[in-house]
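# Report on the structure
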Amino acid sequence: MSGVVQRLGLRTLAQVPPTRRPRVDPASTGVGILHLGIGAFHRAHQAEFTEDAIAAAGGEWGICGVSQRSRSVIDALAPQDGLYTVLTRGSRGSTARVVGAVRELIFAGTDAARVVARLADPAVRVTTLTVTEKGYRHDSATGRLRRDDLGVQADLAGQPPQTVVGQLVRGLQARMAADAGPHAVLSCDNLAHNGATLAGLVRDFVDQLPAEERRPLGDWIDEQVRFPSSMVDRIVPAPTDDDRAEVHRLIGLRDDGAVATESFRQWVIEDDFPGGRPAWERAGALLTGDVTPYELIKLRVLNAAHSTLAYLGALAGCATIAEAIARDEFAAVVHHLWRDDAEPTLAVPAGFDLPAYEQQLLDRFADPALRHSTLQVAMDGSQKLPQRLVSTIVDARRAGRTPQWAMFAVAAWMRWVSTEHTDAGAPRKLDDPLAPTLQRAVAGASTATHVVDRLLAVRAVFGADLAHDDTVRASLVDSLQRIAADGAQTAAHALTAEPTERGIA
């Protein structure tokens, strides 16, 4: 029928220009990876790496993607046979490639049994996760499973598992029963020591099972399952109608699952896969015995700066990270944050050029083509701050330093939590899994001192020690007073104009 735009799928794939088609044959790629959390980031990052690895070295490493909270991804991808386009934006224009690594889709909300069955499949030898920090249902300060979480309790009671830890444990239990062989569970989320953290959460869950289940399952997991760590890096904003329109122009088909990203991509993986893995190194990933140094650089440099720009920028009315970094005052805060606070806490790997990495980050942040929303980065702050900023503060204080800039960034988050409006008077929406707790904490707080004291008492964010550190408390109060009185941009300008104190507190 005239005027009807055909949709991307296996039937229409031949209409896509050859240079933009998948690098493997989707129809002949078997499933070998279960992925929990098939959002935009996974599709623009690990799935693309995996397709490139299959193209380079072969193997049945297609992906079964699981959506945890919403059917929207399933509804976008299922009619397209799992195919979607990665739109890469840059200063020289945009390129597009259709990715065919996703071969199966499951919505866990209505089909948790299929998730468990897939994990028990002998052909599936790796499970990967991008469920964001809040998806782990853990206490960010202690790293332990929140056993009071209603979803965790339901999973422990034997309901069809809805939490990722519950899905993993029940799937591994079924895998043990099926004698399906060893397995690797690879977290790709921004958690410190994400592999060890996830292993600990799995053990916490197993420890709550009845003794007749707990003992054999715990022993089997110790023997057969590995939890390697990884560090992932690629900026992937939420896809927009403009992105989908550009994809239509480039491939000639409608694509409801398209994602947009930057050209830069990085993946550092601890090489511990007892059942085998794709040849990700052939796709450009770095396989190593210790991810920790790279992970801390990512969290305390890139992610810390991202959160800093998000809160300062959102308060000042910046819609995107590019707008925020374009303001000299905020760029200066980022420079000080890196140089004075983060860098002294890092063990930089041999051959890693940290100044060049930081300059590359500034260029990436400043790219207006990405349109990365400050509000998108600002969401879930209670889950992000412990590893992005609080950990830097804790390490600096243990070394006798005063991390002024990290605390200024945390004060910007405190202002975001405690105000109802931005500096320009626009309504502020707090999007955070701990929003009720945070709002109760600051309710009725009439001074910066009250706000700081009440939020420092939220141990899920700050742990047990910082609330008793008078230097931290005084710095946060001072910074919050500046931001509340003068606005984020003026406060940042005043602070960056002052002599920087690097002495011992």
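The text that follows walks through the structure, step by step, so that each part is easy to find. Predicted model, so just to flag it, every value in this text is computed and none were measured. (Residues numbered from 1 in each chain as written. Predicted model: local features only at pLDDT ≥ 70, side-chain atom pairs only at ≥ 80, totals over all residues. Heavy atoms only, no water.)

### Digging into the nonpolar core
Using the following cut-off: Note on terminology: a nonpolar core comprises buried Ala, Val, Leu, Ile, Met, Phe, Trp, Tyr and Cys residues joined through side-chain atoms within 4.5 Å. For each residue, the accessible area found with a 1.4 Å probe, counting protein chains only, is set against the maximum for its type, and the residue is called buried under 20%, exposed over 50%, and partly exposed in between. The criterion used for residue contact is that any of the two residues' heavy atoms lie within 4.5 Å.
By size, the foremost hydrophobic cluster in this structure holds 73 residues, and its most contacted members are Phe365, Trp413, Met414, Leu455 and Phe462. Once residues lying within four places of it in the same chain are set aside, the contact partners of Leu455 are Trp413, Met414, Val417, Leu438, Ala441, Val442 and Phe462.

### Observations regarding the pairing of strand S7 (residues 183–187)
Residues in a regular strand point their side chains to alternate faces of the sheet. What counts here: Only DSSP runs of H or I covering at least 4 residues are called helices, and only runs of E covering at least 2 are called strands; the numbering of each starts at the N terminus. The pairing criterion is simple: DSSP has to find at least two bridges between the two strands.
Counting buried positions along S7 gives 5 out of 5 residues, so the element sits mostly inside the fold. Strand direction decides the pairing type here: strand S6 (residues 126–129) and S7, joined by 4 bridges, are parallel. Along S7, the bridge assignment pairs Val126 with Ala184. One ladder, built from 2 bridges, connects S7 with strand S8 (residues 225–226); its direction is parallel.

### Focus on the environment of Val394
Considering the arrangement of structural elements, one finds Val394 in helix H15 (residues 381–398). For the pair Val394 and Ala108, spaced 286 residues apart in the sequence, the C-alpha separation amounts to 38 Å.

### Points about the packing of aromatic side chains
Basically, it comes down to this: When two rings of Phe, Tyr or Trp (its six-membered ring) have centres within 6.5 Å they constitute a pair, described as stacked for plane angles under 30 degrees, edge-to-face for angles over 60, and tilted for the intermediate range. Both a distance and an angle decide whether a charge sits over a ring: NZ of Lys or CZ of Arg must be within 6 Å of the ring centre and within 35 degrees of the ring normal.
What the rule picks out here adds up to 6 aromatic pairs. Plain terms: the ring middles of Trp267 and Trp280 are 4.8 Å apart, the flat faces sit at 50° to each other, and that makes the pair tilted. Placement of Trp267 in strand S11 (residues 266–270) and of Trp280 in the loop between S11 and strand S12 (286–288) is noted, with a sequence separation of 13 residues between them. In this structure Trp267 comes out as buried when scored by relative accessible area, which is 1%. The interplanar angle of 70° and the centroid separation of 6.2 Å between the aromatic rings of Tyr294 and Phe352 together place this pair among those described as edge-to-face. In this pair, Tyr294 is assigned in helix H10 (residues 292–315) and Phe352 in the loop between helix H12 (328–342) and helix H13 (354–366), connecting sequence segments 58 residues apart. Joined through ring pairs, the aromatic side chains of Phe49, Trp267, Phe273 and Trp280 make up one cluster. Across from the ring centre of Tyr84, 5.6 Å away, lies the NZ or CZ of Arg43, which sits over that ring. Positioned above the aromatic ring of Phe49, the side-chain terminus of Arg265 is 3.9 Å from the ring centre.

### Considering helix H7 (residues 194–207)
Worth spelling out the cut-off: Working rule for helices: expected span equals 1.5 Å times residues minus one.
Along its 14 residues, H7 runs 20 Å from first to last C-alpha, staying within 8% of the 20 Å computed at 1.5 Å per residue. With respect to burial, H7 is a largely interior element, 10 of its 14 residues being buried. Along H7, the positions that sit buried rather than exposed are Asn194, Gly195, Thr197, Leu198, Ala199, Leu201, Val202, Asp204, Phe205 and Val206.

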